[in-house]
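Okay, here's what each chain looks like letter by letter:
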Amino acid sequence: MTAKMAISLTVNGEEVETLVATRTTLADFLRQDLQLTGTHTGCEMGACGACLVLVDDRPVHACLMFAVQAEGAVVETVEGLTMRRAISDLQSAFHERNALQCGFCTPGMLVSAYGILAAGALPSREEIRDALSGNYCRCTGYEAIVDAIEQTARLRHEQEEQA
Amino acid sequence: MNAFAGGLDRPNSYIGRSVSRPNAKRLLEGRGRYVTDLVLPRMVHAAFVRSPYARGRIVAIDIAEAAALPGVRAVFTGVDLAAICTPWVGTLDHFAHMKSPPQLPLPLEQVSWSGQPLVLVIADSRAIAEDAAELVMVDIEDQPALADPVAAMALGAEPLNAGFSDNICFASRLDSGGVDDAFAASEHSVEQSFVFGRHTAVTLEPRAIVADYDPSEGRLTAHHATQTPYQFQDVYSRHFGLSEANVRVIAPDIGGSFGMKLHVYHEEMAVVGASILLGRPVKFVADRMESFVSDIHARDHRVTARLAFDASGRIAGMEVDDVTAIGAFSSYPRTSAVEGNQVVRLMGAPYDFAAYRASLSVVFQNKVQTSQYRAVGHPIACAVTECLVDAAARHLGLDPFEIRARNVIADDNYPRTSPTGYQFEQLSHEACLARLRVLMDYDALLNQQAQAREKGVLLGIGIALFVEITNPGPAFYGVGGGRISAQDGAIIKLTPAGEVHCSISVTEQGQGTETIIGQIVADQLGVDRATVRVMTGDTDTTPYGGATWACRGAGIGGETALQAARKLKANLLSVASIVLQAQPDELDIRDGWVVERTTGQQRISLAEIARIAFFRSDTLPAGTQAQLSVALHYVPQGYPFAFTNGAQGCLVEVDADTGFVKVLKHWVVEDCGRIINPLLVDEQIRGGVVQGLGAAFFEECLYDEQGQLTNASLADYLVPMAVEMPDIAIDHVETPTRDTELGAKGCGEAGTAAASAAAMNAVNDALSGHGVAMTQIPMTPTRILRALGTI
Amino acid sequence: MKARAFDYVRPQTVGDALRVFDDAGGDAAYIAGGQSLVPALALRLQAPAVLIDIARLEELHGISLEDGWLRIGAATRHVEILTSDLVARHAPLLAKAAPFVAHPAIRNKGTFGGSLALADPASEFPAMALALDADIEIASTEGDRRVAAEDFFLGLYETALQPGEMIRAVRVPIATASSRCAFDELSRRRGDYALVGCGVNVQLAESRVDSVRIAFLSVGSMPMRATTAESALVGHPLTRDQIRVAQDALARDLDPPGDEHVPAEMRLHLARVLLGRLLGGLDTAA
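Since the model is a prediction, treat every value here as computed from it, not as a measurement.

## Focus on the overall build of chain A
Now for step 1: Of the regular secondary structure elements, chain A holds 6 helices and 5 strands.
Now for step 2: Seen in sequence order, chain A has helices and strands lined up from the N terminus as β-β-α-β-β-β-α-α-α-α-α.
Now for step 3: Its C-alpha atoms give chain A a radius of gyration of 16 Å, near enough to 15 Å, the size a compact globule of 163 residues would have.
Now for step 4: Dimensions of chain A, computed from C-alpha atoms along their principal axes, come out at roughly 55 × 35 × 20 Å.
Now for step 5: Each of the 163 residues in chain A was classed as buried or not, and the buried ones make up 67%.
Now for step 6: Long-range pairs, those at least 24 residues apart, make up 55% of the contacts in chain A with a sequence separation of at least 6.
Now for step 7: Taken together, the 12 basic and 22 acidic charged side chains of chain A have centroids lying 6 Å from each other.

Below is the structure:
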């Protein structure tokens, strides 16, 4: 029962083939086995959103999956999104607006925001808050995060209209 | 806003400017370096066996099966750690007659709270350590828990701590005199009894430590998620018998603290001990369940208070009784009595009256220890005061703004000493109150409320005034024997390339400490802030200092940086004057260049000064010793605290059918003295307000009669989330302190200090037509419906 | 909070999955979305020897229309319920309840069948299965069988599923032009388990109630139908007075649990208020 299993998946654009203990969550696999520590764990029960990553392009809680369940999946963490510049406008908006303080919730917030903006529409502030309903932040009080996401959505929308 | 030394149009003028945080970029890219991320060679992992009972006698512990599990490296009990760690006692001398039982990392005989760590398991992974922890057999003879403070205080109640005659950790009385006369002479009085929910910080990054003891050198390096590495350098060295020079504490990126990560915890001490015994790095990260049952709690108060006032609403006197329930011992080294002490001393602080009497009882319980957590005591004092003032206003039919205007200490009536002995240099209650009324557009709100009422919608408007303690001097801890520094030090160096490096003893947890220090240094030195690098959080590489607590970083750390930068500037101009054959006072530094002060003409760059001083000292006159690094320490020596003040407003909608409350909007007018970075200040305020609103509506630690914390998970302890929180409008008044050049005071706790008071007053305003006043937080739907008589 | 060790298997068919469970002597658990199971494992409340991953079984996927029923594969994720045109058109009550199910990231993984199989009394979809008179297709080593939602929920986390059985699909009768439905819940924070939640599913005949199903969540150990309240409405238009009769009848249908923090009478009161608002908000124009 303690034997490791072979898994093969894509993480941040790279093929990963390795052995992992079956009880290792995707969060711990990313953080410990792959040293991608940008994804954080705050509760290990899906209540805080610190561990959000993209699995097959959708935000999911990495603490609520075992790595073995991600066989063949395409996983992206905040590091991968950064490298392919998929969220650089979000990161810039967060930075300018100071939509982060301690930064522990921030990768999860960015992954949630990626999901919100993926729909392409212009979300209202209420819709943004609703989409962030599973992301806990103790530092900012949320308003600056809502501002940064709202602004990014507006800028993307303007760019698309011009295009 | 008062501009600092010429305003924002000087070159390199950063003080007063909203600029982004250089150290936030890595956090945005997932490159933060938290203790939870740290991996060291040969590192092992810790898990604890915890007491299921709140009180009991340890009969036997059997670790054999656990120790035999493959992957387990050691199992430690109380005896193992008592051999290398001296006990600690959480008392301070200036709290007369305070008592607390000595604490060891793991207990020898007695358990005192449910969740108390009993046995430490060390294994190759946390998962294996948890497997082994399940195999440890602990036999505890459970005893009745003391989980009610009133019962614990009662005469004849069994003392929870053997050797003590009662369950009072600390008690005090304040009496300014004249209280009975004031009440006798007053036409009116109101009295209310309040209950405040017990809170816990719920930082998103839990407590974490990697203790790394190297036996070859007798050297301990503790990578510790703490606000105060210097305090822990002292604690580890003294209690483990290590020389201070051989103890290094590093606090890297911290995932939230809010005061919780200031205190000594059994687990961290046990893990340091384990590393010493094993001679290898040991990592402990509290999981979320452990966080709930072992992080400090706070704010567990029952207060009865009354206010005497005349027919025009002028306050004549106030009396308060505060019973606060702590844990089974007082926390170390900052004690569990400071919160209660601040509660009774902050009562009525904005208002002009002289007669005040208070009694405080700090009571032991078989629960988690309590200690300082953001806004320590302020939320309770503010809520009691502001609810009573509103009750007085309702009694007389006065508008809440009006009754406050009649009672605040006038802005031109300073300096003042409160009836509780607090010295106010200069506050701005009148200005803040007036500014809040404008910011809220109060008259429009009253209109909106009236129209809503016609449609059966209950809107409530509430306000609260507050003062906040910042920039504390040694009167806080030092005088009581606490080895907690009230001063700070900075080392600022010019690098060979002409860049600037500043090491300073205040610390960063995301509030922006490193950013504002960089702004101050760049501003005072005359360089682009992009060339200034600020380093904090490492006892080896920074001077010894007070770190972060009680909002001291901007005011005290900032002044330290300011004076150190000026000292370096003088040194640089001294070298430049020799090189340029000019007088230092004819020169200035702007944009990294030494310039003619009057014309601004560039004469020589700082990079060139550095090159000459470091590599071509042969070109300098004999006897020249260029000092391109400076060290400077600073301690505030004027007022014991730099008080700030402000006013908050809250708009709610109460659904009287369901008891649910929607917070529609919140406002803050804050006077925190000279503002170094308005963007960062406003965000600190917002975060603090939301914590206060969480207190008002959601958060409480629930205990049963057996001392079990029944809602110890994020699903059941309700922290405020995005949907339930409002947008928050902020404005400022700026009254710099004259105690420092910088004039800055603190702001980190102001949001939390008054938010729940404003929310309580808003809900009570909404319910005033029903003759109901809430005096307990959180104001849950159940409590609101009970107050309305619906259930 | 690390789970105890387990073996992990990902069979290719439902039949294989059933056999693996059998071979494990019952010391096994199916994992689909895992959004409730994984925390239980992390807290060591459950510790099966074998975890059988059924999330990707083709047979359990898909939403389709079949003879007046909407058939939803058990492994359909909540987000698919939320965004499906078929669900919006033919089972709008599910689409109305879906935004209340936990949070977006949970909905990206959690499954409809998993929600019914767990039968948490505070979950939205089990109660809506009752409100829609759903039909649950169960796969077992003995062959498939069907159980009506009425007979499926038996107690606290207890369903008609025998050990080793799994839900294959859920069918609901499709809405008609005379169908009206509404859902709401009262929770302390968005996405929390509700204090009380309610779904109403009405069939109108002209502007009178021809039939109605009212189902509550968080009012007991299982999702509950409010049959006395339903009877009070049948044959009547949804007037304020008639709605009040239905609200009063709730005291006979519901006997919620209570504690010092949320007393039983609080839940009953909230159930009344919620029912009144839902019924009062229905558009009864033909």
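## Some details on the domain arrangement of chain B
Residues and elements named next belong to chain B.
Now for step 1: Looking at the assigned domains, one finds that chain B contains domain 1 (24–32 + 487–634), domain 2 (35–143 + 202–294) and domain 3 (297–474 + 638–787).
Now for step 2: Placing the centre of domain 1 and that of domain 2 at their C-alpha centroids yields a distance of 39 Å.
Now for step 3: Tallying the contact residues gives 21 residues for domain 1 and 19 residues for domain 2.
Now for step 4: Both sides of the domain 1 and domain 2 interface together cover about 1400 Å² of buried area, and 45% of this is carbon and sulfur.
Now for step 5: Its largest share of buried area at the contact with domain 2, domain 1 owes to Gln509, Thr539 and Tyr544, together 38% of the area lost on that side.
Now for step 6: Across the domain 1-domain 2 interface, the total number found is 4 salt bridges.

## Details of the sheet that holds strand S11 (residues 179–186) of chain C
Strand pairing in a sheet takes place through backbone hydrogen bonds and is either antiparallel or parallel in direction.
Residue and element names in this part refer to chain C.
Now for step 1: One open sheet holds the 4 strands; their spatial order is S11-S12-S13-S14, and the pairing between them is antiparallel. Edge positions in the sheet fall to S11 and strand S14 (224–225), since each has one partner strand and no second.
Now for step 2: Pairing geometry for strand S13 (residues 208–217) and S14, over 2 bridges, is antiparallel. Note that in S14 the partner of Ala215 across the bridge is Arg225.
Now for step 3: Those strands touched by helix H12 (residues 264–280) are S11, strand S12 (196–205) and S13, and its axis lies near 35° from that of S12.

## Comments concerning the layout of surface pockets
Now for step 1: One number sums up the size of the second largest pocket: a volume of about 1300 Å³.
Now for step 2: Lining the second largest pocket are 48 residues, and of these Gln32 of chain A, Ser125, Arg126 and Ala127 of chain B together with Lys2 of chain C sit closest to its centre.
Now for step 3: Where the lining of the second largest pocket is concerned, the elements lending two or more residues are strand S2 (14–21) and helix H1 (26–33) of chain A together with strand S1 (44–50), helix H4 (126–133) and strand S13 (282–285) of chain B.
Now for step 4: By residue class, the composition of the lining of the second largest pocket is 20 nonpolar, 12 polar and 16 charged.

## Side note on the interface of chain A and chain B
Now for step 1: Contacts between chain A and chain B engage 46 residues on the former and 52 residues on the latter.
Now for step 2: Note on chain A versus chain B: buried area summed over both sides is about 3900 Å², and carbon and sulfur give 57% of it.
Now for step 3: For the chain A face of the interface with chain B, the top three residues by lost area are His95, Tyr136 and Arg138 of chain A, together amounting to 20%.
Now for step 4: Viewed at the interface, chain B and chain A are joined by 7 salt bridges.
Now for step 5: Here Glu683 of chain B ties to Arg97 of chain A by a salt bridge, and the two come within 2.9 Å at their closest N and O atoms.
Now for step 6: Linking chain A to chain B there are 27 residue pairs in polar contact (both at pLDDT 80 or more).
Now for step 7: Residue assignment for the side of chain A that touches chain B shows that the elements contributing at least two residues are helix H2 (78–83), helix H3 (88–97), helix H4 (106–118), helix H5 (125–131) and helix H6 (143–162) of chain A.
Now for step 8: The element best represented in the side of chain A that touches chain B is H3 of chain A, accounting for 5 residues.
Now for step 9: Residue composition of the side of chain A that touches chain B, grouped by class: 18 nonpolar, 17 polar and 11 charged.

## Here's the deal with empty space enclosed by the protein
All names here are of chain B.
Now for step 1: If you walk through the whole model with that rule in mind, you get 11 cavities of 30 Å³ or more.
Now for step 2: If you add up the space inside the largest cavity, you get close to 690 Å³.
Now for step 3: Mapped by element, the contributors of at least two residues to the lining of the largest cavity are helix H15 (513–525), helix H16 (553–580) and helix H18 (678–697).
Now for step 4: Tallying contributions element by element places H18 first for the lining of the largest cavity, with 3 residues.
Now for step 5: The class makeup of the residues in the lining of the largest cavity is 18 nonpolar, 19 polar and 5 charged.

## Regarding the sheet that holds strand S17 (residues 355–363) of chain B
Now for step 1: Read across the sheet, 6 strands follow the order S7-S17-S16-S15-S8-S31 (chain B) without closing on themselves; strand pairing throughout is mixed. Since the sheet does not close on itself, it has two edges, and those belong to strand S7 (168–175) and strand S31 (776–777) of chain B, each with one partner.

## Concerning the pattern of salt bridges
Now for step 1: Scanning all chains against the criterion turns up 80 salt bridges over all chains.
Now for step 2: Here Arg603 of chain B makes a salt bridge to Glu596 of chain B, at a shortest N to O gap of 2.8 Å.

## Examining the nonpolar core
Now for step 1: Among the nonpolar cores identified, the biggest contains 194 residues, and Phe94 and Ile149 of chain A together with Val384, Phe697 and Met779 of chain B are the most heavily contacted of them.
Now for step 2: Counting 50 residues, the second largest nonpolar core, distinct from the first, contains Val527, Ala564, Ala582 and Ala610 of chain B.

## Points about unusual backbone geometry
Now for step 1: Residue Tyr332 of chain B is joined to Pro333 of chain B through a cis peptide bond whose omega torsion reads 0°.
Now for step 2: Relative to the helices and strands, Pro333 of chain B is located in the loop between strand S16 (315–325) and helix H10 (338–346).
Now for step 3: For the bond running from Tyr414 of chain B to Pro415 of chain B, omega is 5°, close enough to zero to count as cis.
Now for step 4: Checked against the element boundaries, Pro415 of chain B lands in the loop between helix H12 (400–407) and strand S18 (416–417).
Now for step 5: In this model, Arg42 of chain B sits at a positive phi of 65°, which is unusual for a non-glycine residue.
Now for step 6: Looking at where Arg42 of chain B falls in the secondary structure, it is placed in the loop between helix H1 (25–28) and S1.
Now for step 7: Of note, the phi angle at Asp67 of chain C is positive, near 50°, even though the residue is not glycine.
Now for step 8: On the secondary structure map, Asp67 of chain C appears in the loop between strand S4 (63–66) and strand S5 (69–73).

## Observations concerning the packing of helix H11 (residues 240–253) of chain C against H12 of chain C
Residues and elements named next belong to chain C.
Now for step 1: Where H11 contacts H12, the axes come no closer than 9 Å and their chain directions differ by 155°. The orientation of H11 with respect to H12, classified from their angle, is roughly antiparallel. Viewed along their axes, H11 and H12 form a crossing whose handedness is right-handed. Residues Ile243, Ala246, Gln247, Asp248, Leu250 and Ala251 of H11 form the contact with H12, whose own contacting residues are Leu268, Ala271, Arg272, Val273, Leu275, Gly276, Leu279 and Gly280.
Now for step 2: Tallied by class, residues from the contact of H11 with H12 come to 9 nonpolar, 3 polar and 2 charged.

## Focus: the interface of chain B and chain C
Now for step 1: The interface is formed by 28 residues belonging to chain B together with 22 residues belonging to chain C.
Now for step 2: For the chain B and chain C pair, buried surface summed over both sides reaches about 2300 Å², with 58% attributable to carbon and sulfur atoms.
Now for step 3: For the pair chain B and chain C, the number of links is 6 salt bridges.
Now for step 4: Of all elements in the fold, only H4 and helix H20 (781–788) of chain B reach the threshold of two or more residues within the side of chain B that touches chain C.
Now for step 5: Its residues assigned to classes, the side of chain B that touches chain C comprises 15 nonpolar, 4 polar and 9 charged.

## Notes on the pairing of strand S8 (residues 188–196) of chain B
Residue and element names in this part refer to chain B.
Now for step 1: Only one face of S8 is buried, namely the one carrying His188, Val190, Gln192, Phe194 and Phe196, since none of Ser189, Glu191, Ser193 and Val195 on the opposite face is buried.
Now for step 2: As paired elements, S8 and strand S15 (residues 301–309) share 9 bridges and run antiparallel to each other. Residue pairing for S15: Gln192 is matched across the bridge by Ala305.
Now for step 3: By the bridge criterion, 2 bridges tie S8 to S31 in an arrangement that is parallel. Bridging across to S31, Phe196 finds its partner in Ile777.

## Considerations on the domain arrangement of chain A
Residue and element names in this part refer to chain A.
Now for step 1: For chain A, the assigned domains read domain 1 (4–82) and domain 2 (87–162).
Now for step 2: Here the C-alpha centroids of domain 1 and domain 2 sit 22 Å apart.
Now for step 3: The interface of domain 1 with domain 2 comprises 15 residues on the first partner and 14 residues on the second.
Now for step 4: At the boundary of domain 1 with domain 2, total buried surface from both sides reaches about 1200 Å², with 67% on carbon and sulfur atoms.
Now for step 5: Its largest share of buried area at the contact with domain 2, domain 1 owes to His40, Leu52 and Leu81, together 37% of the area lost on that side.
Now for step 6: The tally of links from domain 1 across to domain 2 stands at 0 salt bridges.
Now for step 7: Taken together, the links from domain 1 to domain 2 amount to 5 residue pairs in polar contact (both at pLDDT 80 or more).
Now for step 8: Of the residues that constitute the side of domain 1 that touches domain 2, the class distribution is 9 nonpolar, 5 polar and 1 charged.

## Focus on the pairing of strand S30 (residues 728–732) of chain B
Now for step 1: Most of S30 of chain B is tucked away, with 4 of its 5 residues classed as buried.
Now for step 2: One crossover worth recording links strand S29 (residues 661–671) of chain B to the parallel S30 of chain B by way of H18 of chain B, and it is right-handed.

About the cut-offs
Sequence order sets the numbering: in each chain, residues are counted from 1 along the sequence as written. For this description, chains carry letters from A and ligands carry numbers from 1, given in the order in which they are written. This being a predicted model, a pLDDT of at least 70 is required before a residue's local features are given, and a value of 80 or more before pairs of side-chain atoms are given or counted; all residues contribute to the totals for chains, interfaces and linings. Excluding hydrogens and water, the side-chain values take into account all heavy atoms of the structure. Numbering goes from the N terminus for both helices and strands, where a helix is a DSSP run of H or I of at least four residues and a strand is a run of E of at least two. What the globule rule says is 2.2 Å times the number of residues to the power 0.38, and the radius of gyration is computed from C-alpha atoms. To sort residues, take the accessible area from a 1.4 Å probe on protein chains only and compare it with the maximum for the residue type: under 20% means buried, over 50% means exposed, and anything in between is partly exposed. Between two residues, a contact is recorded if the distance between any of their heavy atoms is within 4.5 Å. Counted as positive: Lys and Arg. Counted as negative: Asp and Glu. His and the chain ends are not counted at all. By convention, the charge on Lys lies at NZ, on Arg at CZ, on Asp at CG and on Glu at CD. What fixes the domain bounds is an automatic or database domain assignment. The term buried area refers to how much accessible surface (probe radius 1.4 Å) is lost by two components on association, counted for both of them together. Whenever Lys or Arg places a side-chain nitrogen within 4 Å of a carboxyl oxygen from Asp or Glu, that contact is recorded as a salt bridge. A pair of strands is labelled paired if DSSP reports no fewer than 2 bridges between them. Fitted lines through C-alpha atoms give the axes, limited to the stretch in contact for helices. The angle between two N-to-C directions lies from 0 to 180 degrees. Only protein atoms enter the 1 Å grid, on which a cavity is a set of points fitting a 1.4 Å probe that cannot get out and a pocket is an open set with protein on both sides within 12 Å along at least 5 of 7 lines, lining residues being those with an atom within 4 Å of a point. Grid points are joined across faces, edges and corners, and a volume is the space filled by probe spheres set on the points. Residues are grouped as follows: Ala, Val, Leu, Ile, Met, Phe, Trp, Tyr, Cys and Pro are nonpolar; Asp, Glu, Lys and Arg are charged; every other residue, Gly included, is polar. Think of a polar contact as two N or O atoms within 3.5 Å of one another; within protein, one of them needs to be a possible hydrogen donor and the other a possible acceptor, and neighboring residues in sequence only count if both atoms come from side chains. For this analysis, a nonpolar core means a set of buried residues of the types Ala, Val, Leu, Ile, Met, Phe, Trp, Tyr and Cys, connected via side-chain atoms within 4.5 Å. If an angle is under 35 degrees, it is roughly parallel; if it is over 145, roughly antiparallel; if it lies from 65 to 115, roughly perpendicular; otherwise it is oblique. Crossing handedness is defined as follows: a turn of the near helix away from the far one that is anticlockwise and smaller than a right angle gives a left-handed crossing, while the clockwise case is right-handed. Handedness of a crossover: with both strands directed away from the viewer, a clockwise path from the first strand across the helix to the second marks it as right-handed.

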